[in-house]
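# Per-entry structural report
Below are the chains, spelled out letter by letter.
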Amino acid sequence: MPDSVTIRIDGQTVRVPHGTSVAAAIMMNGGFCRTSVQGEPRSAVCGMGICFECRAAVNGVAQQRTCQITCVDEMQVVTHG
Ligand code: FES
């Protein structure tokens with residue numbers, strides 16, 4: 001099993017340790033998950049699937065709770081959705 005995986009976040013290729021959640025990958029790379037209706041940046045709060053603050057599009061599926069998804073090679077993530 002490789003030590004790391006490569007995903008794309010908003011078109012940028014990033015490499016993260018194997019087993020990293022998508023929410024963690026977004027934060028590790030200095031980003032945030034989405035923008036609130038008031039225009040505020042939002043990111044993971046609970047880390048266990050309850051708050052829905054970590055939503056982003058993963059592999060073309062919008063509004064995914066990224067704290068509940070583990071990164072896999074070639075995954076496409078779009079934030080601020
Ligand atoms: S951080 Fe709360 S649902 Fe993902």
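Residues numbered from 1 in each chain as written. Predicted model: local features only at pLDDT ≥ 70, side-chain atom pairs only at ≥ 80, totals over all residues. Heavy atoms only, no water.

Tracing the sequence through the fold places serine 43 in the loop between strand S4 (41-42) and strand S5 (55-58). Those residues in contact with serine 43, other than ones at most four positions away along the chain, are Met27, Phe32, Cys33, Glu53 and Cys54. (Helix = DSSP H or I, 4+ residues; strand = E, 2+ residues; numbered from the N terminus. Contact = heavy atoms within 4.5 Å.)

As a further point, take the environment of glutamine 76. Counting through the fold element by element, glutamine 76 comes out in strand S7 (residues 76-78). Glutamine 76 gets classed as partly exposed once you look at its relative accessible area, which sits at 39%. C-alpha separation for the pair glutamine 76 and cysteine 54, spaced 22 residues apart in sequence, amounts to 15 Å. (Buried < 20%, exposed > 50% of the residue type's maximum accessible area, 1.4 Å probe, protein only.)

Okay, the nonpolar core next. Counting 17 residues, the largest nonpolar core has Ile7, Ile9, Cys71 and Val77 as the members making the most contacts within it. Counting only elements with at least two residues in this core, the list comes to strand S1 (4-9), strand S2 (12-17), helix H1 (22-28) and S5. When residues of this core are assigned to their parent elements, the largest contribution, four residues, is made by H1. (Core = buried A, V, L, I, M, F, W, Y, C linked by side-chain atoms within 4.5 Å.)

Enumeration according to the criterion identifies three salt bridges in this entry. Connected through shared salt-bridge partners, Arg34, Glu40, Arg42 and Glu53 make up one network. (Salt bridge = Lys/Arg side-chain N within 4 Å of Asp/Glu carboxyl O.)

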